[in-house]
Every structure is written in C-alpha cells, then in structure tokens.
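# A structural walkthrough
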Amino acid sequence: MRRLVWVSFDTVGRDCLLAAAAAGAEIVGIVTLPGPVRPELSGMCAFDEVAARLGAPLLETADVNDAATVEAVGALGPDLIFVVGWSQLVREPFIATAARGVYGMHPTLLPRHRGRAPIPWAIILGLATTGVTLFQITDPTADSGPVVGQVELALAADETATTLFERVNEAHVELVRRFVPLLLDGTAPHTPQDARRASAWPKRAPADGIVDWTTRAPYLDAWVRAQTRPYPGAFTWLGEERVVIWRGRPLGAGGDEPVGTVVAGHDEGVVVRCGEGSLLVEEIEVGGRVLDGAAVGERLPVGAVLG
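Residues numbered from 1 in each chain as written. Predicted model: local features only at pLDDT ≥ 70, side-chain atom pairs only at ≥ 80, totals over all residues. Heavy atoms only, no water.

## A few points about the side chain of H172
Mapped onto the fold, H172 is located in helix 6 (residues 161–185). Of the residues examined, H172 reaches a relative accessible area of 4% and is grouped as buried. Setting aside residues up to four positions removed in sequence, H172 forms contacts with V12, C16, V84, M105, P107 and V132. (Helix = DSSP H or I, 4+ residues; strand = E, 2+ residues; numbered from the N terminus. Buried < 20%, exposed > 50% of the residue type's maximum accessible area, 1.4 Å probe, protein only. Contact = heavy atoms within 4.5 Å.)

## Looking at helix 3 (residues 67–75)
Taken together, the buried positions of helix 3 are T69, V70 and V73. End-on view of helix 3: buried residues confined to an arc of 100°, all on one side of the axis. Opposite the buried face of helix 3, by more than 90 degrees, sit the exposed residues A67, E71 and A75. Its buried side turned inward, helix 3 meets strand 1 (3–7), strand 2 (26–32), strand 3 (58–60), strand 4 (80–83) and helix 4 (92–95). (Arc of directions from axis to C-beta.)

## Description of helix 6
Owing to its 3.6 residues per turn, the α-helix aligns residues three or four sequence positions apart on the same side. Taking 1.5 Å of rise per residue, 25 residues should cover 36 Å, and helix 6 covers 36 Å from first to last C-alpha, within 8% of that figure. Phi for G186, located one or two positions after helix 6, is positive at around 80°. (Expected span 1.5 Å × (residues − 1).)

## Quick word on the side chain of E282
Among the structural elements, E282 can be located in strand 14 (residues 278–286). Ignoring sequence-local partners within four residues, the contact set of E282 consists of R247, G248, R249, E268, G269, L291, D292, G293 and V296.

## Thoughts on the sheet that holds strand 1
Sheet architecture is open: seven strands sit in the order 3-2-1-4-5-7-8, paired in mixed fashion. Since the sheet does not close on itself, it has two edges, and those belong to strand 3 and strand 8 (147–154), each with one partner. Put simply, the sheet's adjacent strands are angled 20° from each other on average, direction ignored. In this structure, strand 1 lies alongside strand 2, joined through five bridges in parallel fashion. For V5, the partnering residue across the bridge sits in strand 2 and is G29. The strands touched by helix 6 within the sheet are strand 1, strand 4, strand 5 (102–106), strand 7 (129–137) and strand 8, with strand 8 carrying the most contacts at an inclination of about 155°. (Pairing = 2+ DSSP bridges. Axes fitted to C-alpha atoms, helices over the stretch in contact; angles between N-to-C directions.)

## Notes on the packing of aromatic side chains
The tally for this structure, following the rule as stated, stands at five aromatic pairs. Here F235 and W237 contribute two aromatic rings whose centre-to-centre distance is 6.3 Å and whose plane-to-plane angle is 85°, an arrangement assigned as edge-to-face. Residue class for F235 comes out buried when judged on its relative accessible area of 5%. A relative accessible area of 30% places W237 in the partly exposed class. Through successive ring pairs, a cluster of aromatic residues spans W6, F82 and Y103. We note R204 situated over the ring of W121; from NZ or CZ to the ring centre the distance is 4.9 Å. The lysine or arginine in question, R242, covers the ring of F235, its NZ or CZ lying 4.0 Å from the ring centre. (Phe/Tyr/Trp six-rings, centres within 6.5 Å; stacked < 30°, edge-to-face > 60°. Lys NZ or Arg CZ within 6 Å of the ring centre and 35° of its normal.)

## Some remarks on unusual backbone geometry
The peptide bond linking L110 to P111 adopts the cis configuration, its omega dihedral lying at 10°. In this fold, P111 is placed in the loop between strand 5 and strand 6 (114–115). With an omega of 15°, the peptide bond running from R229 to P230 counts as cis. Along the chain, P230 falls in the loop between helix 7 (217–226) and strand 10 (234–238). Here the phi dihedral of H113 falls at roughly 65°; this positive angle occurs in a residue that is not glycine. In this fold, H113 is placed in the loop between strand 5 and strand 6.

## A few points about the environment of V173
Note that V173 resides in helix 6. V173 sits in the buried class, given a relative accessible area of 10%. With residues up to four places along the chain from it excluded, the contact list for V173 reads D15, C16 and A19.

Below, the structure written as structure tokens:
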C-alpha cells in the first residue's frame, strides 16, 4: 500500500480523497486551510470529520510552500501527494517531499485551457466539450505536467455552472477511482503534454461578472449561466443597488428602448432589452433577498434601467 498525503480545501477534493481511500490508498496526512469555512471560496469545506474517519493527521496552513508545512509533510513520508482543490501552485521543496510524485487535477482537457476559472470560461466561450485531466505536477508551472488520464464531457446548449460543476466533480472522482490503483502499483501512464498546443485562461474575480447590456442576448444568456451558483453570479445595478442575476434565458424580440431597460413583465420574470434581442431575467438577488418569477417584476418594474 502506498502512503498518500492529500492537499485540498474544497468539496471536490474531499470527494476525491474518499474515493482514493476506497481505492486502497493509505492516507497518512491531509493538508487544508485553517478554519472557519470562508463563503468567498467556492466549495470550501472542513476536513476534520474526514481526517478523523481515516485516522489521518490534519495539517492546517495558508501556504502549502511554507517551510514549516513542507517539513511537516516530509515527516509523513508520503509516496504520493495529491493536490486537488487548492489555489496555490506548489514549488520544488514541496514537490520533493513525495517519493513517487505529486499529482493534480484540472477541469479541462489539457494542454488546452490551462489556468483559472475553467468552468465559467468553458460556458462563456461556448465550448462544445471540456473535461477533467489527472496529471503529474513536476514543477511550479501551472497544469503542464505529464497526463495520466482524462474524462471528456459534452456541454449542453443550456449548461450552467451549477450543472457543469456537478459533472466535473463526478469526473474527478471517476479519474481517482480509475487511476489511483495504477499509481499505487506503478503502472499508470504518463504522457507528456505538447506545449505547442497549450492555451491558458486568465483568472476571474467577482467584479468581472458585471453585465454589459450592449452585448447580444445569447451571449448574456451564457454570461449568466457561466457565473451562477456556486459562483458569485453575474450582476448589474439598479441605481445604487446591486442586482445579482441567477437565472435567465434569451428572447428574440428587441426594441428601440435603451439597452438595460425593463421593457415588459412576464410570468417567469421580466424582459430586459439587450444590444440585440432581450433577456428574460427569471431569478435575481437584491439586498440579500432572492426573487423569482413574478416577484422579479415587483422589484424591477417596467421602465427601470439596469446598468
């Protein structure tokens, strides 16, 4: 049995950790962020209960490359380390603590689409397929090491961040179940990435979710779907009030009203004029209150201008 140390702070990493233990790995340590759980970190969860269940020591750190953390991980004598659901790149001293390698997972089909915010970007850019890649981390360069395995996922025309997040999570677990036994016995494939075919996506911040009503309705539809739960959401302004749009869909009808104008009420929300066409806004959040259907029209009356 190979000794594994697991590094994660989110629910995807926790699910993968349990799958690795079920696949026969000996979990000798879990590295996670200090509590309490922070809502601004998508998917963050506690690992205390899992650590107790697996009988593994829990190491809390805000910096996995900190000398004290590296020393503590090295003292556990790991054969393999998995970094799944962690926002920092690991550097050489940390990588050297694993006798048989450090492994990570990225929710795209590497070498395409390295980098940040892969689920929102996949929807915003209209990808037909994406996936998840299990790869070896050999240096501090993001998402560049040899590929161990991949799962390909087709995106539905109405895919949302919520649905894709769930399917990506399932694909992570599938890869762990399939390849951890091979990594444990030393028979897993390691295929170098072709750097000539690599591309990268930039980081996104919550402020990047602002809606530009001058764009076409189908693009705004994707914009909303890409940033809905578990992410902070696409948003606009009604005067001084921030309005998060959790759900909507495009309508073909346009008009001569200024973009961002609420042009009609609807049983399922309100119709807002876009640069081309209109967006039916079906669910919003204002001042901490979530409203959907006809209640949206009560908060966003016909004639109101968003933006």
